[in-house]
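# Observations on the three-dimensional arrangement
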Amino acid sequence: QVTESQTAITQGCNQAFCAVMSTLAAAGDEVILPTPWYFNHKMWLDVMGVEATPLPTGANLLPDASLAHQLITKKTKAICLVSPNNPSGVEYPDAVLNAFYQLAKDHDLTLIIDETYKDFHSNPKRPHSLLDAPDWKQHLVQLIQIWQSWMRMDLGYLHNLQPKKYQEQYHHLIQLEKFQLQK
């Protein structure tokens, strides 16, 4: 389902996140992050002047889409989830991820799913069905990590940073990544 034109190779998943956020948001915008959050996500948003809107989680550390709904403003550009989560290790169930996808879709936001730790997921099958949605390309960006212990290098990649409203920025991002890989 994912094509070459929807994929960018980066130097690690942190760079993929930085590239995505540089395309989706600008200073003064907001991105919803469940707590506890991955420190590099918050740090990059701070560097960009983007407000990290904290989404509290309960004792089970699962984010709740109905609570996130209450945090959405005109400045909100995206919701970022990490599953399995860093730092908690909690794996977000498919139903939770799909609820957030629907929320993003309903509010014309982008759901960023950072799956850096997907290879450690306890589910031996697919951990979610987000790519089964016929319109996933409009509201979903998937970040993946290829671990350095397997390849002796640290690569990341992202899928689908090309909803129509971001096509020009995505084109420039792909050209930059191609240039870096040729060096």
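Below: a short report on this structure. (Residues numbered from 1 in each chain as written. Predicted model: local features only at pLDDT ≥ 70, side-chain atom pairs only at ≥ 80, totals over all residues. Heavy atoms only, no water.)

## A word on the pairing of strand S4 (residues 76–82)
- Among the 7 residues that make up S4, 6 are buried, leaving the element largely enclosed by the rest of the structure.
- Looking at chain direction, strand S2 (residues 30–34) and S4 are connected through 3 bridges and run parallel. Counted as the bridge partner of Val 31 is Ala 78 from S4.
- Strand direction decides the pairing type here: S4 and strand S5 (residues 110–115), joined by 5 bridges, are parallel. In the sheet register, Ala 78 faces S5, and the bridge partner there is Thr 110. (Buried < 20%, exposed > 50% of the residue type's maximum accessible area, 1.4 Å probe, protein only. Helix = DSSP H or I, 4+ residues; strand = E, 2+ residues; numbered from the N terminus. Pairing = 2+ DSSP bridges.)

## Observations concerning the nonpolar core
- With 22 residues, the main nonpolar core has Ile 79, Leu 81, Phe 100, Tyr 101, Leu 103, Leu 111 and Leu 140 as its most contacted residues.
- Mapped by element, the contributors of at least two residues to this core are helix H3 (65–71), S4, helix H4 (94–106) and S5.
- Looking at which element gives the most residues to this core, the answer is H4, with 6 residues.
- The residues contacting Tyr 101, other than those within four sequence positions of it, are Leu 111, Leu 130, Ala 133, Asp 135, Trp 136, His 139 and Leu 140.
- Core analysis: the next-biggest nonpolar cluster, separate from the first, contains 18 residues, Ala 16, Met 21, Leu 24 and Ala 25 among them. (Core = buried A, V, L, I, M, F, W, Y, C linked by side-chain atoms within 4.5 Å. Contact = heavy atoms within 4.5 Å.)

## A word on the side chain of Ser 83
- Tracing the sequence through the fold places Ser 83 in the loop between S4 and H4.
- Ser 83 gets classed as buried once you look at its relative accessible area, which sits at 4%.
- A polar contact is formed between the side chain of Ser 83 and the backbone nitrogen of Tyr 92, at a distance of 2.9 Å.
- Leaving out residues up to four positions away in the same chain, Ser 83 has contacts with Val 90, Glu 91, Tyr 92, Ile 113, Asp 114 and Glu 115. (Polar contact = N/O pair within 3.5 Å; in protein donor to acceptor, adjacent residues only side chain to side chain.)

## Observations regarding the side chain of Glu 30
- Looking at the secondary structure, you find Glu 30 in strand S2.
- Lacking a salt bridge, the buried Glu 30 has Lys 75 as its closest oppositely charged neighbour, with an N-O distance of 5.4 Å.
- There is a polar contact of 3.4 Å between the side chain of Glu 30 and the side chain of Thr 76.
- Once residues lying within four places of it in the same chain are set aside, the contact partners of Glu 30 are Val 50, Glu 51, Thr 53, Leu 71, Thr 73, Lys 75, Thr 76, Lys 77 and Ala 78. (Lys, Arg positive; Asp, Glu negative; His and termini not counted. Salt bridge = Lys/Arg side-chain N within 4 Å of Asp/Glu carboxyl O.)

## Some points on H4
- The end-to-end C-alpha distance of H4, which contains 13 residues, comes to 18 Å, matching closely the 18 Å that a straight helix rising 1.5 Å per residue would cover.
- For H4, the complete set of buried residues consists of Val 96, Leu 97, Phe 100, Tyr 101, Leu 103 and Ala 104. What you see down the axis of H4 is that its buried residues fit within an arc of 160°, all on one side. Exposed residues lying more than 90 degrees from the buried face of H4 are Ala 95 and Asp 106.
- Positive phi appears at Asp 108, one or two residues downstream of H4, with a value of about 55°. (Expected span 1.5 Å × (residues − 1). Arc of directions from axis to C-beta.)

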